[in-house]
Amino acid sequence: MPTKKQKIKTPRTPFTWREAALISIIVLTTSCIGITLAADATFDPARDAEQALLDLAGDYYIEFLYPSTLNYDFRDPEATLSEFQYAGFATIHLHQLLLYKDNAAKVVQPFDNSYYRCNQNDSTVRIFPVAPWGPRDYRIEYNLKCTKLPR
């Protein structure tokens, strides 16, 4: 009767401290490179300035322009806001939006920092209400005039 071949198991040797150190250095270096690439991908001063402008304009419309245009009477907003659907409200400059938010350092930072500087007089926003005429129903057109600063 034929016999089965038996596998001879060789004992596994543990890592030496040099091998463990090398593996640790490779893992640490790879994770540092990954973190750096992720941080670099999320850093975009132009995108941050655009998003901050849209947020400011949205807050201005929802908190001030919408209620004051309707004279705080929200029963029939279509009658009033439909007039502005195509023409939009008057042009709003960035410096007006910053004054509305009291020029808080956190609010101004995306528009004036060591990477990017925006012209507060030439940067403008135009807000157009849209149906169904609620406070969050609007469209924004903006013109952001900024300069990328040399490093």
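Residues numbered from 1 in each chain as written. Predicted model: local features only at pLDDT ≥ 70, side-chain atom pairs only at ≥ 80, totals over all residues. Heavy atoms only, no water.

*Asks:* Teacher, can you tell me more about the layout of surface pockets here?
*Replies:* In this approach a probe as big as a water molecule rolls over the atoms, and the regions it shows empty are the leftover space. By volume, the largest pocket amounts to about 190 Å³. Lining the largest pocket are Gln51, Ala52, Asp55, Leu56, Asp59, Lys101, Lys106, Val107 and Pro110. Within the residue set of the lining of the largest pocket, elements represented by two or more residues are helix 2 (45-69) and helix 5 (105-108). For the lining of the largest pocket, the element with the most residues is helix 2, which contributes 5 residues. Broken down by class, the residue content of the lining of the largest pocket amounts to 4 nonpolar, 1 polar and 4 charged. (1 Å grid on protein atoms, 1.4 Å probe; cavity = no way out; pocket = protein on both sides within 12 Å on 5 of 7 lines; lining within 4 Å. Points joined across faces, edges and corners; volume = space filled by probe spheres on them. Helix = DSSP H or I, 4+ residues; strand = E, 2+ residues; numbered from the N terminus. Nonpolar A, V, L, I, M, F, W, Y, C, P; charged D, E, K, R; others polar.)

*Asks:* Please clarify how the sheet that holds strand 3 (residues 124-129) should be interpreted in this entry.
*Replies:* The strands that make up a sheet pair up through hydrogen bonds in the backbone, lying either parallel or antiparallel. Pairing is antiparallel across the open sheet formed by 3 strands, whose spatial order is 1-3-4. The open sheet terminates on both sides in strands that have one partner only, identified here as strand 1 (92-93) and strand 4 (138-143). Where strand 3 and strand 4 come together, 6 bridges link them in antiparallel fashion. Each bridged residue has a counterpart across the sheet, and for Val125 the counterpart in strand 4 is Tyr142. (Pairing = 2+ DSSP bridges.)

*Asks:* Whenever I open this one, the confidence of the model for the protein chain confuses me. Can you help?
*Replies:* Reading predicted coordinates in detail is not appropriate for stretches of low pLDDT. Per-residue pLDDT for the protein chain has a mean of 88; in total, 96% of the residues score no lower than 70. Of all helices and strands in the protein chain, the one with the weakest mean pLDDT is helix 5 (78), whereas strand 3 scores best (95). (pLDDT = per-residue confidence, 0-100.)

*Asks:* Is there a simple way to think about the pattern of salt bridges in this case?
*Replies:* Side chains bearing opposite charge may pair, as long as their charged atoms lie close to each other. Per the stated rule, a full pass over the model turns up 4 salt bridges. In this structure, the salt-bridge partner of Arg75 is Asp73, at a minimum N-O distance of 2.8 Å. We classify Asp73 as partly exposed; its relative accessible area is 34%. (Salt bridge = Lys/Arg side-chain N within 4 Å of Asp/Glu carboxyl O. Buried < 20%, exposed > 50% of the residue type's maximum accessible area, 1.4 Å probe, protein only.)

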